[in-house]
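Take a look at the letters that make up each chain.
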Amino acid sequence: MSSLDAAARSAGVSRKTNETDIVLDFNVDGTGISELETDVPFLNHMLDLFTKHGQFDLRVDAKGDIEIDDHHTVEDIGICLGQTFREALGDKKGIKRYASVFVPMDEALAQVIVDISNRPHFEYRAEYPSQQVGSFHTELVHEFLWKLALEARITLHVIVHYGHNTHHMIEAVFKALGRALDEATTVDPRVTGVPSTKGVL
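Here the structure is a predicted model, which means the values were calculated and not measured. (Residues numbered from 1 in each chain as written. Predicted model: local features only at pLDDT ≥ 70, side-chain atom pairs only at ≥ 80, totals over all residues. Heavy atoms only, no water.)

### With respect to the pattern of salt bridges
- Evaluated as defined, the whole model comprises eleven salt bridges.
- For Asp-76, the salt bridge is made with Arg-15, and the minimal N-O distance between the two is 3.3 Å. Placement of the pair is Asp-76 in helix α2 (residues 71–89) and Arg-15 in strand β1 (residues 10–16), with a sequence separation of 61 residues.
- Note on Asp-76: relative accessible area 2%, which makes it buried.
- Residue Arg-15 is classed as partly exposed on the basis of its relative accessible area, which comes to 27%.
- Note that Arg-125 and Glu-123 form a salt bridge whose closest N and O atoms lie 3.1 Å from each other.
- Overall, the relative accessible area of 23% leaves Glu-123 in the partly exposed class.
- A cluster of three or more residues bridged by salt bridges with shared partners is formed by Glu-75, Glu-143 and Lys-147. (Salt bridge = Lys/Arg side-chain N within 4 Å of Asp/Glu carboxyl O. Helix = DSSP H or I, 4+ residues; strand = E, 2+ residues; numbered from the N terminus. Buried < 20%, exposed > 50% of the residue type's maximum accessible area, 1.4 Å probe, protein only.)

Printed below as a string of structure tokens:
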């Protein structure tokens, strides 16, 4: 991906197990470019939304044991994205750190609150009308977000306030996630060092 360069806040990772084979590159300071090749089409769609609304650049080449189910692939992409996010931010100097974003998607409303805290924690409040969107199981949204929060070492709260269409509800989550992480990683010229009384994040 052309926008991934040494000067940017970017990182890449390769992860190969008996279940998945993943190469992932992530640029915090991107322009919304995504290059996604996974065996999970619905996740491709959600990651594309996340990238576009966060103004990140993301490249994912992932193969997994989808003949079993999508679980391992979704989980491991979450792990890889979290790892590259943490590495790309470096010492976190000057960032805003916090963000809270509401995103509507037609009848659905989702909220994502983040703290780039170096303390991994995940809270999830979502009840979907259906357990699947196409072949994608909605429980995998939790799995992806939890592993992202854990590996990125962020505090992440996700609330789906309401909705009738499961696709719309999950889409609002991923759009809000991108926008919240974009805001929290924005460099604020007023911030000296890291935004913490501890002096470190």
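So much for the structure itself; the text now carries on.
### A short note on the confidence of the model for the chain
- Per-residue pLDDT for the chain averages 94, and the proportion of residues at 70 or more is 97%.
- In this model residues 1–6 is a low-confidence stretch, pLDDT under 50, and it forms 14 contacts with partners more than four residues away in sequence or in other chains. (pLDDT = per-residue confidence, 0-100. Contact = heavy atoms within 4.5 Å.)

### Considering the side chain of Asp-65
- Assignment of secondary structure puts Asp-65 in the loop between β4 (57–64) and α2.
- Buried and unpaired, Asp-65 has no salt bridge, with Arg-15 as the nearest side chain of opposite charge at 11 Å.
- Only 2.9 Å separates the side chain of Asp-65 from the side chain of His-72, close enough to count as a polar contact.
- In this view, Asp-65 contacts Glu-19, His-72 and Thr-73; residues no more than four positions away in its chain are not counted. (Lys, Arg positive; Asp, Glu negative; His and termini not counted. Polar contact = N/O pair within 3.5 Å; in protein donor to acceptor, adjacent residues only side chain to side chain.)

### Things to note about the nonpolar core
- In this structure, Leu-24, Phe-26, Ile-77, Phe-144, Leu-145 and Leu-156 are the most contacted members of the largest nonpolar core, which totals 61 residues.
- The element that contributes the greatest number of residues to this core is helix α4 (residues 166–185), accounting for ten residues.
- Excluding residues within four positions of it along the chain, Phe-144 makes contact with Leu-43, Leu-47, Val-74, Ile-77, Gly-78, Leu-81 and Phe-174. (Core = buried A, V, L, I, M, F, W, Y, C linked by side-chain atoms within 4.5 Å.)

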